Amino acid sequence: MLDVRLVKRRDAFALDVAFQAKGGSTTVVVGESGVGKTSVLRLLAGLDRLDDGHVSLGGERYADAAGGLHVPAWRREVGYVAQDYALFPHLSVYENVAFGLRAGGTPRHRIRPMVDDALGLVGIPELATRASHQLSGGQQQRVALARALVLSPRLLLLDEPLSSLDLQTRRVVRVELRGLLQRLPCVTVYVTHSPVEALVFGDQVVVLDGGRVAQAGSRDELLRYPRSPFVAELVGTNLFVGRAADPLTRPSATIRTPEGPVAIEASSGPGTVYLTVSPREITLYLAPPDGSAQNVFEGTVLELVPEPPGGERVRVVLGTRPILVAEVTREAVAALSLTEGMQVYASFKATGVQQYA
Amino acid sequence: MLDVRLVKRRDAFALDVAFQAKGGSTTVVVGESGVGKTSVLRLLAGLDRLDDGHVSLGGERYADAAGGLHVPAWRREVGYVAQDYALFPHLSVYENVAFGLRAGGTPRHRIRPMVDDALGLVGIPELATRASHQLSGGQQQRVALARALVLSPRLLLLDEPLSSLDLQTRRVVRVELRGLLQRLPCVTVYVTHSPVEALVFGDQVVVLDGGRVAQAGSRDELLRYPRSPFVAELVGTNLFVGRAADPLTRPSATIRTPEGPVAIEASSGPGTVYLTVSPREITLYLAPPDGSAQNVFEGTVLELVPEPPGGERVRVVLGTRPILVAEVTREAVAALSLTEGMQVYASFKATGVQQYA
Amino acid sequence: MTLGGVLVLLLGLPLLSLVIGIAPGDLVARLQEPFILQALRLSLLTSLASTVIVVAGGLPVAYVLATYDFRGKRAIEAFIDLPMVLPPTVAGLALLVAFGRTGLAGQALGVAGIALPFTTLAVVVAQAFIAAPFFVGAARAGFAGVDGSFLDAAATLRGAPGYVFFRVLVPLAAPSLIAGAAMSWARALGEFGATITFAGNMPGITQTMPLAVYLALQSDLEAAIALSVLLLAISFTVLLTIRLVPSRLAAVAAARARRPAG
Amino acid sequence: MTLGGVLVLLLGLPLLSLVIGIAPGDLVARLQEPFILQALRLSLLTSLASTVIVVAGGLPVAYVLATYDFRGKRAIEAFIDLPMVLPPTVAGLALLVAFGRTGLAGQALGVAGIALPFTTLAVVVAQAFIAAPFFVGAARAGFAGVDGSFLDAAATLRGAPGYVFFRVLVPLAAPSLIAGAAMSWARALGEFGATITFAGNMPGITQTMPLAVYLALQSDLEAAIALSVLLLAISFTVLLTIRLVPSRLAAVAAARARRPAG
Amino acid sequence: QSAGPAPSRLIVYAAASLTDAFRELGRMTEGSLPGLSVQFNFAGSQQLALQLEQGAPADVFASADQRWMDRATEQDLVAGEPAVFTRNRLVAIVPSTNPARIGKLQDLARRGTKLIVAAEAVPAGKYSREALQKLADAPGFPSQYDRRVLANVVSQEENVKAVVAKVQLGEADAGVVYRSDVTPAVSRYVRVFEIPDPYNVIASYPIAVLKGARNAGTARIFVALVSSDAGQRVLQRHGLMPATTAAAAAVPAAVQP
Ligand SMILES: Nc1ncnc2c1ncn2[C@@H]1O[C@H](COP(=O)(O)OP(=O)(O)OP(=O)(O)O)[C@@H](O)[C@H]1O
Ligand SMILES: Nc1ncnc2c1ncn2[C@@H]1O[C@H](COP(=O)(O)OP(=O)(O)OP(=O)(O)O)[C@@H](O)[C@H]1O
Ligand SMILES: [Mg+2]
Ligand SMILES: [Mg+2]
């Protein structure tokens, strides 16, 4: 339904992102601050012009840089909920939701029932007469959503819709929003920097890094098969990218990575191989371990982070090359007297490595 | 060394916080947006006036509302690194760091070596001649720190020093900052909304909620003994607060909580009792479980969040009263065909409950 | 601080000196004089009319200046500010040369049967010429101060540019627009040099209050001062209102715009 | 849009009309005339001096208005704006009444042996009186626009209030201060009514360019227009510089102030 | 102070309409008294009177109007008797393009003629009205001539120079101004209609040495020069009329005998 390639060049920043999305599905665009998430939404909404690429929704072409086509925002059937909601401060909740209907020339008598429906849909029918400054953050978020939904957009764009809510409200709104999005027939593009939200909302997750797609796929795919350091960090595992050494050997093989060889159980074939090692698979030693563990890395302890709940397990960040994260028990930390700055050896077994192409 | 009670009243907000801190230690003040963290620092720095309470550092009294005492910021030996760093845009890195020395009247010939030392301390001796807009976020953070440290403050205040750094930089700076703070002799008050930072930096952690101290103590204390729903949420466990029913019975006791009785192994005594249940101790059923599990709660599945790494485990947020979080395996989710909105029963054993007064 | 006091004295003493020695009763008595009443009425009428023109014309100009960037924009801005620094008599002369019978535009107007000089309309034109920069400047700042996110939101809500201008931009910039309009109104009210040069001085047709003050100065100093004080009082009331009303409006707008801490 | 075009025409045609028909060579020739040169020199001198006074006195006033809230603040602000709306001749009269021999302050000054009117200093005072509101307004906005976090940072870095004012506040507000100063300079340069009334019209002592224009008008309209165009050219240059320089400075400051996206 | 050696500066406050003539007279005075610098303050007569009242340091005051000299006398600013040193007569001017096709003074009464005069508060304005009144009684002029002419007035200028400028620019069809206002620069652009002497009103320009004069001696020399034959010739060259007798000074706004 949605097919886009978005290219935008700025002084020190270049965006080049392409993806497709099915009707009724939610695509989460996730990445850190400044990677271009909002830029993606603004290009989709028509608030900015493409330098290259295109935006197609259903059969309709909204933008095509090659053809010089740019349908302005107000002519697109797109709903956009900005990160700061941008409720009109001079209008009541009712008038905010009615704004788009009036602007679009909906007959007067049809406006009230449509606004009431939309407010009902987001669960705040009783707030219609409130001034927009008399709303909590969560209520504002709902009004912004109702204001977009009342126009039955074919493409719904949400920019970090939960980020200005506090922890408690956020959980409640997250649950409701998830339910709502699953019922809506439109294509939704949801922007966030929160890995949790990406995993909760994303039928499809597009991970951005520096204006480009670092990885895209279903949430399970991302969780299981990170293919970039960024995604690995996001999902909390250790990643190596390398090439299998020919010929393939069994029961053990070696993958050449920029950080040195990594021993695995068996290689699935030639070409690029991704290896992940769960933090729990990593064992720490004070002296170099003897023969049996094939993969040993040396470095200092950078950081010890007790893991909630209870701090029974501790994440140990190691200054190895590459940086490895191990997760060990509190007892292990005590037994090794681990402190920051200490020299240690990290090791994992060939059987602890997951591999995929 | 530091002894404060900070009371500040605003229209819709009242702050009332008291704590002490030893020289050389770091106190982390943690809480959500708007709970008053920055207000605490501004009162300590003397940028705002106390409505009540006092600020004492060593033997010296910086502020005393009762006595009408308010030493202005520029007369306090306090270093303050604001959240946005606030480097002077019209001055070079060198001039930024030299600013406080010049303002304080340090003899000219002593300024250069002191500035060089400070830049060395934070690891950026080579950036002295840069304009402040030519710095990355991490470098700006270091300059702001150097600018404060060069004055040898007796109290160092850091306002979310890592929050404007991106994930990768943040980890590096976090490690360095931790090392630096451990070496400094001054009292440090470190403000953050990140549980991870609280756990990494806090010799003492003060949890704020709505302008008041929700809980204060060492990080281990917090991790193990949350005493408020906020802290429980922060450390990712389930908390009940109740009173033991008299007389104490063995091998099983019952604690009365606002949400109903909770069965535990044995009660440690009368009075308020805190009970925590790790998400992993909670088992989910589609039908009410039979007799053996004493604690059963009914509710709908609000949310399913795959846990990194790999999504092998899934956090299940339940609409029980109180809201419970369970952590189950991906296989369990599949076996029960858990989906959001489904009715389930959550149960945990008396032996799975931790209790403390 | 001392320097600041000097400036306040420099501004305050002359104004105070004018006001001292005028009996309030005298002011009220002056208000009865028909020629004063006539001048006052004409002043209020023309300054209002010129303000309407300045606002109607200034809104789009300020909008374009606040919104778009283009070659020569700075020059246009400097150009619009020129009337502010031109000696008003020269400004009047310039108007005569342009809109007079033999002027560039005047000839065209003459063909259409319109003769501008010596008419009440000329007073309005002279005032608009002098007062326009005040409104354009304030409106430009006001428009620039409206958060673009509201305009973007309106655009994604099917708001065509014209609709957005009147339903979002103007209401949100209202405090600045009101301040600018009131300021240019006050400036038009005080306009003298350009008016008398371009429009002339005819009681009931082109003789505004400042012209009446000046002519009174030719014969009766005390009367002139009394009239000045009257003008001053009106100006002060307007300026104080400018200061009070928008700050109220701004406070309301700010309260409305307050977002959850984020 | 059409309305905006009307306004631009209203402003543009008169100014254009003045300029048209003046041969550039004529302008250069005028510059040779000693009495024009004298007036030009005096104008530059006095407008510079009054700008210095306005800046020196306006800085603390603007600072106080931007920083503190107190009873009567609005009234003081309206008060400071008054010279902007007063017909300049009335302003000159007010100055004369205040600083003249029999005036409030004049008597005090007289005791000290100082007679202000009819001296070059009086020109400066008249210009300062008229031009001050322009600077105070711009400076006030400039100071208000400086991010408080820089001031807080300076305070926690042992910066006493005075030190912070000159080392942080003034440098950071520089674009607005420069714009305000240049604007008030241009306004002082164009000042006529208050000057001729309060300071008189003595070549070399109080006869500034606008006064020379006035005298030229007594005998030769074309000469007067030529002089006006000269004045206009100077004003335009100043105003364009105002627009260009601060925007450059602002761009630099903005680039400097750019933070990591957060 | 005036007892000392001849001071190097003479300050003359003079009506703006005297600008060109007095500049020339000033140069002549400087020529005859080496080391002397004559400085002028040209402005409206009422502005000058006001300034003198406020203690302006001046040696000589030359007013375009008896009234402001009287005011200065009342304020005890004048040393001795003011003397009328020159006189001015009114003329009607029309643009050289003559859009209203004015051929004679009578045409000023034609309906629709855009006429401008000085305001009544200004001397020239007062005189203009007086002259029109007289013309109404003159042979060859219609009755109510003055009323019909005044009904054509579209603007009452605060300054007679403004009348000149507007006629010169062709904005007005006709205006009534002083003969002296038709300077060489102006004469290219306007046509002059003389008002016959019997019906004209003659403005007197009084001059006086001031009490506060720093150098009354030099001031008297300047006043004498102005009244001398040489001085009168200069004034005539700038369109001003000679003062017939010194005694005329006592007669306000004397009518030509
Ligand atoms: N109007 C603009 N002009 C120039 N550069 C811009 C503009 N808007 C954004 N950028 C730059 O483009 C990059 C992407 O910005 P964008 O707002 O899309 O990031 P984001 O992923 O939404 O970040 P955040 O999570 O902070 O909202 C950033 O480097 C930003 O500095
Ligand atoms: N100057 C002020 N005037 C009135 N209220 C204020 C002011 N500053 C802060 N507040 C309010 O005081 C409360 C505490 O603000 P504070 O800045 O201390 O919170 P914080 O914990 O630092 O939040 P954040 O994490 O968002 O920085 C908030 O509700 C805020 O709205
Ligand atoms: Mg964004
Ligand atoms: Mg804060």
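Described below are features of the structure shown in this document.

Cut-off values and rules
- Residues numbered from 1 in each chain as written.
- Chains lettered and ligands numbered in written order.
- Predicted model: local features only at pLDDT ≥ 70, side-chain atom pairs only at ≥ 80, totals over all residues.
- Heavy atoms only, no water.
- Helix = DSSP H or I, 4+ residues; strand = E, 2+ residues; numbered from the N terminus.
- Contact = heavy atoms within 4.5 Å.
- Areas by Shrake-Rupley, 256 points an atom, 1.4 Å probe, with all protein chains shown as cover.
- Lys, Arg positive; Asp, Glu negative; His and termini not counted.
- Charge placed at Lys NZ, Arg CZ, Asp CG, Glu CD.
- Buried < 20%, exposed > 50% of the residue type's maximum accessible area, 1.4 Å probe, protein only.
- Near = heavy atom within 4 Å.
- Polar contact = N/O pair within 3.5 Å; in protein donor to acceptor, adjacent residues only side chain to side chain.
- Nonpolar A, V, L, I, M, F, W, Y, C, P; charged D, E, K, R; others polar.
- Buried area = accessible area lost by both parts, 1.4 Å probe.
- Salt bridge = Lys/Arg side-chain N within 4 Å of Asp/Glu carboxyl O.
- Least-squares fit on C-alpha atoms with pLDDT ≥ 70 in both.
- Pairing = 2+ DSSP bridges.
- Axes fitted to C-alpha atoms, helices over the stretch in contact; angles between N-to-C directions.
- Core = buried A, V, L, I, M, F, W, Y, C linked by side-chain atoms within 4.5 Å.
- Patch = residues over 30% accessible without salt bridge, like charges linked within 9 Å, V, L, I, M, F, W, Y side chains within 5 Å.
- Phe/Tyr/Trp six-rings, centres within 6.5 Å; stacked < 30°, edge-to-face > 60°.
- Lys NZ or Arg CZ within 6 Å of the ring centre and 35° of its normal.
- Expected span 1.5 Å × (residues − 1).

## Looking at the overall build of chain E
Here is step 1: Of regular secondary structure, chain E possesses nine helices and 10 strands.
Here is step 2: With the C-alpha coordinates of chain E rotated into their principal frame, the extents come out at 65 × 35 × 30 Å.
Here is step 3: Residue pairs in contact within chain E that sit at least 24 positions apart in sequence constitute 77% of those at least 6 positions apart.
Here is step 4: For chain E, the accessible area works out to roughly 9900 Å², and carbon and sulfur atoms hold 52% of it.
Here is step 5: Once the 27 positive and 23 negative side-chain charges of chain E are each reduced to a mean point, those two points are 5 Å apart.

## So, the overall build of chain A
Here is step 1: Of regular secondary structure, chain A possesses nine helices and 21 strands.
Here is step 2: Along the three orthogonal principal directions, the C-alpha set of chain A runs to about 80 × 50 × 35 Å.
Here is step 3: Here chain A, with 357 residues, has 57% of them falling under the buried criterion.
Here is step 4: Contacts in chain A between residues far apart in sequence, at least 24 positions, make up 63% of those at least 6 positions apart.
Here is step 5: About 14400 Å² of surface is accessible on chain A, with carbon and sulfur atoms providing 49% of the total.

## Topic: the site of ligand 1
Residues and elements named next belong to chain A.
Here is step 1: With respect to spatial proximity, the complete set of residues near ligand 1 consists of R10, F13, E32, S33, G34, V35, G36, K37, T38, S39 and E160.
Here is step 2: A distance of 2.8 Å is found between an oxygen atom of ligand 1 and a backbone nitrogen or oxygen belonging to G34.
Here is step 3: One of the side-chain nitrogen or oxygen atoms of T38 is found 2.7 Å away from an oxygen atom of ligand 1.
Here is step 4: Compared with its free state, where it exposes 630 Å², ligand 1 has 61% of that area covered by protein.
Here is step 5: For the shell around ligand 1, the leading source of residues is helix α1 (residues 37-45), giving three residues.
Here is step 6: Each residue belonging to the shell around ligand 1 can be placed in one class, and the counts come to two nonpolar, five polar and four charged.

## As for the side chain of E197(A)
All names here are of chain A.
Here is step 1: Residue position: E197 is located in helix α6 (residues 195-201).
Here is step 2: Judged by relative accessible area, which is 5%, E197 ranks as buried.
Here is step 3: In this structure the side chain of E197 is engaged in a polar contact, spanning 2.8 Å, whose partner is the side chain of Y190.

## Regarding the interface of chain D and chain C
Here is step 1: Facing 72 residues of chain D, the contacting portion of chain C comprises 72 residues.
Here is step 2: Contact between chain D and chain C buries roughly 6400 Å² in total, counting both sides, with carbon and sulfur atoms accounting for 85%.
Here is step 3: One can count zero salt bridges joining chain D with chain C.
Here is step 4: Between the two partners, chain D and chain C, sit zero residue pairs in polar contact (both at pLDDT 80 or more).
Here is step 5: In terms of residue count, the dominant contributor to the side of chain D that touches chain C is helix α1 (residues 2-19) of chain D (13 residues).
Here is step 6: Looking at side-chain class alone, the side of chain D that touches chain C contains 57 nonpolar, 10 polar and five charged residues.

## A closer look at the relation of the copies chain D and chain C
Here is step 1: In screw terms, the move from chain D to chain C is a rotation of 180 degrees and a rise of 0.1 Å along the axis, fitting with an RMSD of 0.2 Å. Within this description, the copies of the chain are treated as partners about a two-fold rotation axis. Among all C-alpha atoms of chain D, that of G193(D) lies closest to the rotation axis, at 4.3 Å.
Here is step 2: By residue overlap, the copies meet face to face through one surface: 99% of the interface positions of chain D are interface positions in chain C.

## Concerning the arrangement of the chains
Here is step 1: Summarising the chain contacts, eight pairs of chains touch, and the pair with the most contacts is chains C and D.
Here is step 2: In this assembly chain A lies apart from chain E, the nearest approach of their C-alpha atoms being 49 Å.
Here is step 3: Here chain B and chain E are not in contact; the least distance found between their C-alpha atoms is 49 Å.

## Details of the sheet that holds strand β15 (residues 272-277) of chain B
Residues and elements named next belong to chain B.
Here is step 1: The antiparallel open sheet is built from five strands, whose spatial order is β14-β13-β12-β15-β21. Only two strands of the sheet have a single neighbouring strand rather than two, namely β14 (260-264) and β21 (353-356). Put simply, the sheet's adjacent strands are angled 40 degrees from each other on average, direction ignored.
Here is step 2: Where strand β12 (residues 238-244) and strand β13 (residues 253-257) come together, two bridges link them in antiparallel fashion. Its bridge partner lying in β13, R243 is registered against R256.

## Remarks on the nonpolar core
Here is step 1: If you look at the biggest cluster of nonpolar residues, it comprises 326 residues, and the most contacted ones within it are Y13(E), F22(E), Y145(E) and F222(E).
Here is step 2: Contact partners of Y13(E), with chain neighbours within four places excluded, come to F118(D), M202(D), N41(E), L48(E), Q51(E), L52(E), A56(E), P57(E), A58(E), V60(E), F61(E) and A62(E).

## Quick look at a nonpolar patch on the surface
Here is step 1: A cluster of nonpolar side chains, contributed by L16(C), I20(C) and L104(D), occupies part of the molecular surface with about 270 Å² of accessible area.
Here is step 2: Judged by relative accessible area, which is 43%, L16(C) ranks as partly exposed.

## Topic: the site of ligand 2
Residues and elements named next belong to chain B.
Here is step 1: If you check the shell around ligand 2, you find R10, F13, E32, S33, G34, V35, G36, K37, T38, S39 and E160 and nothing else.
Here is step 2: G34 places a main-chain nitrogen or oxygen 2.8 Å from an oxygen atom of ligand 2.
Here is step 3: Computed on the free molecule, ligand 2 has an accessible area of 630 Å², of which 60% lies beneath the protein chains in the complex.
Here is step 4: Broken down by element, the shell around ligand 2 gets its largest block of residues, three residues, from helix α1 (residues 37-45).

## Here we look at the packing of aromatic side chains
Here is step 1: The final tally for this structure, using the stated rule, is 38 aromatic pairs over all chains.
Here is step 2: Ring geometry for F99(B) against Y163(D): centres 5.5 Å apart, planes inclined by 70 degrees, an arrangement best described as edge-to-face. Here F99(B), found in helix α2 (residues 93-103), pairs with Y163(D), found in helix α9 (residues 161-190), and the two come from separate chains.
Here is step 3: Measuring from centroid to centroid gives 6.2 Å for Y63(C) and F143(C), while their planes differ by 85 degrees, and the two rings are edge-to-face. Here Y63(C), found in helix α3 (residues 34-67), pairs with F143(C), found in helix α7 (residues 120-145); they are 80 residues apart in sequence, far enough to count as distant.
Here is step 4: For F143(C), a relative accessible area of 5% translates into the label buried.
Here is step 5: Of the aromatic side chains, those joined through ring pairs into one cluster are F22(E), F40(E), F42(E), F85(E), Y178(E), Y205(E) and F222(E).
Here is step 6: Sitting over the ring of F88(A), R147(A) keeps its end group 4.8 Å from the ring centre.

## Things to note about helix α5 (residues 88-99) of chain D
Here is step 1: Under the 1.5 Å per step criterion, the end-to-end length of α5(D) is 16 Å for 12 residues, consistent within 8% with the ideal 16 Å.
Here is step 2: All of the buried residues in α5(D) are P88(D), T89(D), V90(D), A91(D), G92(D), L93(D), A94(D), L95(D), L96(D), A98(D) and F99(D).

## Digging into the sheet that holds strand β20 (residues 343-348) of chain B
All names here are of chain B.
Here is step 1: Taking strand neighbours across the sheet as the criterion, the five strands line up as β16-β20-β17-β18-β19 in an open arrangement whose pairing is antiparallel. Each having just a single partner strand, β16 (283-285) and β19 (324-329) make up the two edges of the open sheet. For this sheet, the mean inter-axis angle between neighbouring strands, taken without regard to orientation, is 45 degrees.
Here is step 2: Relative to β20, β16 runs antiparallel, the two being bridged by three bridges. The residue of β20 that forms the bridge with L284 is A346.

## Some points on helix α6 (residues 160-168) of chain E
What sets the pattern is the α-helix's 3.6 residues per turn: residues three or four places apart point alike.
Residues and elements named next belong to chain E.
Here is step 1: With nine of nine residues buried, α6 lies mostly within the body of the structure.
Here is step 2: Every buried residue of α6 is listed here: V160, K161, A162, V163, V164, A165, K166, V167 and Q168.
Here is step 3: The N-cap of α6, judged by a side-chain oxygen 2.7 Å from the amide nitrogen of K161 a few residues on, is N159.

## Focus: the pairing of strand β9 (residues 187-192) of chain A
Within a regular beta strand, the side chains point alternately toward one face of the sheet and then the other, so they alternate between its two faces.
Residues and elements named next belong to chain A.
Here is step 1: With respect to burial, β9 is a largely interior element, six of its six residues being buried.
Here is step 2: Here β9 shows no split at all, with V187, V189 and V191 on one side and T188, Y190 and T192 on the other all buried.
Here is step 3: Here strand β3 (residues 26-30) pairs with β9 via five bridges, running parallel. In the strand pairing of β9, V29 is matched with V191.
Here is step 4: In this sheet, β9 lies alongside strand β8 (residues 155-159) in parallel orientation, the contact comprising five bridges.

## Observations regarding the pattern of salt bridges
Here the idea is simple: oppositely charged side chains can pair when their charged atoms come close.
Here is step 1: All told, the structure shown has 49 salt bridges over all chains when counted by the stated rule.
Here is step 2: Between R154(B) and E77(B) there is a salt bridge, with the nearest N and O atoms lying 3.8 Å from each other. Taken as a pair, R154(B) in the loop between α4 (137-149) and β8 (155-159) and E77(B) in the loop between β6 (69-70) and β7 (78-81) lie far apart in primary sequence, 77 residues in all.
Here is step 3: R154(B) gets classed as partly exposed once you look at its relative accessible area, which sits at 24%.
Here is step 4: Residue D181(E) is joined to K161(E) by a salt bridge in which the shortest nitrogen-to-oxygen separation is 2.8 Å. Linking D181(E) in the loop between β7 (174-178) and α7 (184-187) with K161(E) in helix α6, this pair joins segments that are 20 residues apart in sequence.
Here is step 5: Take K161(E): its relative accessible area is 6%, and that puts it in the buried class.

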